[in-house]
Amino acid sequence: MTEPGDKIANDVFFDWLLRRGDTALVLGHRVSEWCGHSPVLEEDIALANIALDLIGQARLWLSLAGEVEGKGRGENELAYLRDAWDFRNLLLAEQPNGDFGQTMMRQFLIDAYQSQLLKALATSADNRVAEIAVKAGKEVDYHLDRSADLVIRLGDGTSESRQRMQAALESLWPYSGEMFKGDAVDQAVVAAKIAPSPEGLRTEWLSTVDAVFTEATLSKPETDFAHTGGLTGRHTEHLGHILADMQFLQRAYPGATW
Amino acid sequence: MLVVTVTPTYTGCPATAVINLDIETKLRSNGIENLRLEQRISPAWTTAWLSQEGREKLRKYGIAPPVEGTSKTGRISRLSSNEALVVACPRCGSDKTEKVSQFGSTPCKAAYRCRSCLEPFDYFKCH
Ligand SMILES: [Zn+2]
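Because the structure is predicted, anything quoted here is derived from the model rather than measured. (Residues numbered from 1 in each chain as written. Chains lettered and ligands numbered in written order. Predicted model: local features only at pLDDT ≥ 70, side-chain atom pairs only at ≥ 80, totals over all residues. Heavy atoms only, no water.)

1. Overview of the coordination of the zinc ion
Protein coordination at the zinc ion: the donors are Cys89(B) (SG), Cys92(B) (SG), Cys114(B) (SG) and Cys117(B) (SG), at 2.3 to 2.4 Å from the metal. In terms of primary sequence, the donors binding the zinc ion are separated according to C-x2-C-x21-C-x2-C. (Donors = N, O, S within 2.8 Å, 3.2 Å for Na, K, Ca; no water.)

2. Details of the nonpolar core
Core analysis: the biggest nonpolar cluster contains 89 residues, and Trp16(A), Met105(A), Trp205(A) and Phe213(A) have the highest contact counts within it. In terms of residue count, the dominant contributor to this core is helix H2 (residues 41-69) of chain A (twelve residues). Leave out the neighbours within four places in its chain, and Phe213(A) touches Met105(A), Phe108(A), Leu109(A), Val151(A), Leu169(A), Trp173(A), Leu218(A) and Lys220(A). Counting residues in hydrophobic clusters, the runner-up holds nine residues, among them Ala64(B), Ala110(B), Tyr112(B) and Cys126(B). (Core = buried A, V, L, I, M, F, W, Y, C linked by side-chain atoms within 4.5 Å. Buried < 20%, exposed > 50% of the residue type's maximum accessible area, 1.4 Å probe, protein only. Helix = DSSP H or I, 4+ residues; strand = E, 2+ residues; numbered from the N terminus. Contact = heavy atoms within 4.5 Å.)

3. As for the interface of chain A and chain B
Counting residues at the interface gives 29 residues for chain A, matched by 32 residues for chain B. Across the chain A/chain B interface, buried area totals approximately 2600 Å², and carbon plus sulfur atoms make up 61% of it. Per-residue buried area on chain A facing chain B is highest for Lys135(A), Tyr142(A) and Asp145(A); these three make up 30% of the total on that side. Scanning the region where chain A abuts chain B turns up nine residue pairs in polar contact (both at pLDDT 80 or more). Every element with two or more residues in the side of chain A that touches chain B is listed here: H2, helix H6 (127-155) and helix H9 (202-215) of chain A. Class assignment of the residues belonging to the side of chain A that touches chain B gives a composition of 13 nonpolar, five polar and eleven charged. (Buried area = accessible area lost by both parts, 1.4 Å probe. Polar contact = N/O pair within 3.5 Å; in protein donor to acceptor, adjacent residues only side chain to side chain. Nonpolar A, V, L, I, M, F, W, Y, C, P; charged D, E, K, R; others polar.)

4. Some thoughts on the sheet that holds strand S4 (residues 97-101) of chain B
Residue and element names in this part refer to chain B. A sheet is described by the order of its strands in space; here four strands give the open sequence S3-S6-S5-S4, paired in mixed fashion. Two strands bound the open sheet, and with one partner strand each, they are strand S3 (63-64) and S4. Relative to strand S5 (residues 109-114), S4 is paired through four bridges, and the arrangement is antiparallel. In the sheet register, Lys 99 faces S5, and the bridge partner there is Tyr 112. (Pairing = 2+ DSSP bridges.)

5. A short note on the confidence of the model for chain B
All names here are of chain B. Overall, the predicted model of chain B reaches an average pLDDT of 86, with 87% of residues at or above 70. Here helix H3 (residues 75-80) stands out as the least confident element of chain B, with mean pLDDT 52; S3 is the most confident, with 96. Both scores are given for the predicted complex: the pTM is 0.89, the ipTM 0.74. (pLDDT = per-residue confidence, 0-100.)

6. Brief notes about the packing of aromatic side chains
Taken as a whole, this structure holds eleven aromatic pairs over all chains when the rule is applied. When the centroid spacing of 5.4 Å and the interplanar angle of 70° are considered together, the rings of Tyr112(B) and Tyr123(B) count as edge-to-face. In this pair, Tyr112(B) is assigned in strand S5 and Tyr123(B) in strand S6 (residues 120-124), connecting sequence segments eleven residues apart. Ring pairs connect the aromatic residues Tyr113(A), Trp173(A), Phe180(A) and Trp205(A), which therefore count as one cluster. In this structure, Arg20(A) packs its charged tip against the face of Trp16(A), placed 4.9 Å from the ring centre. The ring of Tyr142(A) carries the charged tip of Lys125(B) above its face, separated from the ring centre by 4.5 Å. (Phe/Tyr/Trp six-rings, centres within 6.5 Å; stacked < 30°, edge-to-face > 60°. Lys NZ or Arg CZ within 6 Å of the ring centre and 35° of its normal.)

Set out below in structure tokens:
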């Protein structure tokens, strides 16, 4: 079967797909860490459901990545048998959960970005990408509604919750710039009409986050400094710990199933 | 060979495997041995595909069926529109209900509570 994505070199397309899949996988794993620890039962259930959605999306992206790579690796090999430097997720996704507010702030910053990216990918020249984007986009819209709601409720809440949300915003903000910094991989997918340029997503993302921060009475940090590296495999110290936890079983008992 | 295409509701839905097993078991019990199940994600599953009969079965089970045209109920959409979602209680039929959480026991449902009969219930979200 010939897909329009054939115009792009397979290894470059593979890399770009890993960015989508790994961001969903690592964020999904982070969110799943709340299971059984959330402040109230409803939040616990909601977070577990969001984690499930994200891991479901990761499966679709990583399966397609394996297919494009053409070396016989599937979703499981890609998720469980690569080391940190082979992961291509956003640094923001691997940042620690912190308190509940910090988790919601991280989720909101990524949801607002994913929602815009997936909308654009719905018209990708590669059908397989468009299909995943439509499916995942419907789920991410729910996530965004909810994370925006909680950022507003906690930001415009008590002085304690407001101070915590402001602190979360300040510590996570420098990790948000990575979402909008394109490189050679992005140029290749833009040229193949597979995806939009990351820079082009920033204006609408800013209008979403500005509207929510205003209602949440939070002040957006002035700095434009951006930590980068996750998309090319240079991660913060946190990713190794996530993988140690997530991959332990397949590393200790190779091929185990149940 | 009979090929059955199955479209998952949500990508992470753990029931997908059970649904597949149910389909396969039912077909085999009807004497169809030569069959294969295929997952298809496009066109994306939507609650618009639920039949009237299916909706009625949900209600009878105690799950409020999706109210069409109301897929957005959170703050982002509320910033731009003020439409309120009216979900009738599946037990007593009252419109006096309120959302407890965007997510219920599964990703496809939200948790609601009836202010008339005071019972909690699941609402199948419009998707
Ligand atoms: Zn009632």
